[in-house]
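Observations on the three-dimensional arrangement
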Amino acid sequence: MIITIGKANDNDYVADDSQVSRHHARLVSEPDGNWLLEDLESTNGTFVNEAQVVRKRISKSDRIRLGERYTLTLSDLLKAGNDYSEEFAQLKVVYDHYIQEKVRIQSSNQFKTRLMQSLPFALPGVIGVVVGFLGKGNSTLLILSLLITIVAPTVGIYLGAKQASKIPMLLQALANQFKIDYVCPKCGTFLGEIPWESLLNRKKCPISSCQAKWAKDADK
């Protein structure tokens, strides 16, 4: 990939400044993933970290100056080339977190629901049987054992239903945040629940007005 820099409108990155030449410099991607900044015999020079250069490998921390006052960074130049590969790479964490949280919420709530429904059947049921056994011939204890046996399952069903009702709310809150975070880093279009790896294989945003590059080897 080559990104041309200068004052003329036919450049990839247009620097509108009187000290910048019409075709001032260019940025060239190297096979190893690094970037090379080359001065194109500009009138007022190209500088990296205040040192004039003709040809220099640069990084994101470097400060580039064209002529006497026009400053920019490697990130600025890459955006001119529609390169959003680094920002897109960060979306993998967003997608993985969403899937993990979705599974955790569903499995955790299913366990809690079953637990709340089963315990009132088990423990109170045993107590009811014991009370009923001890209450032979005692009408009060017999009625108490029946109440425990009947009420406990009802309470369990109620608690289980209450716990289950939390699942849609938790999942909705998670989905709402996912729709905010899992978007094209350039145009902000929500990418759906499509796996990150599948989107990476597409290499760039499908929105015709955007076409942000998600992979460095995407076609220009």
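Attention in this report is confined to the structure presented alongside it. (Residues numbered from 1 in each chain as written. Predicted model: local features only at pLDDT ≥ 70, side-chain atom pairs only at ≥ 80, totals over all residues. Heavy atoms only, no water.)

1. With respect to the overall build of the protein chain
For clarity, the threshold we go by: The way it works is that DSSP assigns letters per residue, a run of H or I at least four long becomes a helix, a run of E at least two long becomes a strand, and they are numbered from the N terminus. When a residue's accessible area, from a 1.4 Å probe over protein chains only, is under 20% of the maximum for its type it is buried; when over 50% it is exposed; and in between it is partly exposed. Residue contacts are defined here by distance: any two heavy atoms, one from each residue, within 4.5 Å place the two residues in contact. In this description, accessible areas are obtained by the Shrake-Rupley approach with a 1.4 Å probe, and a residue is regarded as covered only by the protein chains that are shown.
For the protein chain, the helix and strand inventory stands at 6 helices and 9 strands. Within the protein chain, the fraction of its 220 residues that count as buried is 36%. Taking the intrachain contacts of the protein chain between residues at least 6 apart in sequence as the baseline, contacts between residues at least 24 apart amount to 43%. Carbon together with sulfur atoms contributes 59% to the accessible area of the protein chain, which is approximately 13000 Å² in total.

2. Some points on the sheet that holds strand 7 (residues 55–58)
Defined as follows: Strands qualify as paired when DSSP identifies two bridges or more between them.
In space, the 5 strands of this open sheet follow the order 2-1-3-4-7, with mixed pairing throughout. Among the strands making up the open sheet, the edge pair consists of strand 2 (13–14) and strand 7. Pairing of strand 1 (residues 2–6) with strand 2, which is carried by 2 bridges, proceeds in the parallel orientation. Among the inter-strand pairings, I5 is bridged to a residue of strand 2, identified as Y13.

3. What about the sheet that holds strand 5 (residues 46–48)?
Rules: Fitting a line to C-alpha atoms yields each axis, with helices limited to the stretch in contact; the angle taken between N-to-C directions then spans 0 to 180 degrees.
Read from one edge of the open sheet, 4 strands run 6-5-8-9, paired in antiparallel fashion. Edge positions in the open sheet fall to strand 6 (51–53) and strand 9 (70–72), since each of these has one partner strand only. Averaged over all adjacent pairs, the angle separating strand axes in this sheet is 35 degrees, with direction ignored. Both strand 5 and strand 6 contribute to a ladder of 3 bridges, which runs antiparallel. Bridge assignment links F47 to a residue of strand 6, and that residue is Q52.

4. What to know about the nonpolar core
For the record, the criterion: Joining through side-chain atoms within 4.5 Å is the link that ties buried Ala, Val, Leu, Ile, Met, Phe, Trp, Tyr and Cys residues into a set, and such a set is a nonpolar core.
Counting residues in hydrophobic clusters, the biggest one holds 19 residues, and the most contacted among them are Y13, L27, L37, I58 and L66. Elements with a contribution of two residues or more to this core: strand 1, strand 3 (25–29), strand 4 (35–39), strand 8 (64–66), strand 9 and helix 1 (74–80). Broken down by element, this core gets its largest block of residues, 3 residues, from helix 1. Sequence-distant contacts of L37, defined by excluding residues within four places in its chain, comprise I5, A25, R26, L27, T46, V48, V54, R55, K56, I58 and I64. Membership of the second largest hydrophobic core comes to 17 residues, among which are F88, L91, W196 and W214.

5. Considering the packing of aromatic side chains
Rule in force here: Classification of ring pairs uses Phe, Tyr and Trp, with its six-membered ring standing for Trp, and accepts pairs whose centres are within 6.5 Å; under 30 degrees between planes counts as stacked, over 60 as edge-to-face, and the remaining range as tilted.
Summed over the entire model, instances satisfying the criterion amount to 8 aromatic pairs. For the ring pair Y95 and F178, a centre distance of 6.4 Å and an interplane angle of 55 degrees mean the geometry is tilted. One end of the pair, Y95, is in helix 3 (residues 91–134); the other, F178, is in helix 5 (residues 166–181), with 83 residues separating them in the sequence. Like Y95, the residue F178 is buried in the burial classification. Aromatic ring contacts, followed pair by pair, group Y95, Y98, F178, Y182 and F190 into a single cluster.

6. Topic: the environment of V28
Along the chain, V28 falls in strand 3. Of the residues examined, V28 reaches a relative accessible area of 18% and is grouped as buried. Taking the C-alpha atoms as reference, V28 lies 7.8 Å from E38; in sequence the two are 10 residues apart. Sequence-distant contacts of V28, defined by excluding residues within four places in its chain, comprise M1, I2, N34, W35, L36 and E38.

7. Side note on the pattern of salt bridges
Operational definition: Salt bridges are defined as contacts in which a side-chain nitrogen from Lys or Arg sits within 4 Å of a carboxyl oxygen from Asp or Glu.
A complete count under the given rule lists 13 salt bridges for this structure. D17 is paired through a salt bridge with R69; the nearest N and O atoms lie 3.1 Å apart. A residue pair is termed long-range when its members are at least 10 positions apart, and D17 in the loop between strand 2 and strand 3 and R69 in the loop between strand 8 and strand 9 qualify at 52 residues. Among the charged side chains, a network of salt bridges with common partners joins R26, E38 and R55.

8. Some points on the pairing of strand 3
Examined bridge by bridge, strand 1 and strand 3 share 4 bridges and lie antiparallel to one another. By the bridge assignment for strand 3, I3 is matched with L27. As paired elements, strand 3 and strand 4 share 5 bridges and run antiparallel to each other. Its bridge partner being in strand 4, S29 is matched across the sheet by W35.

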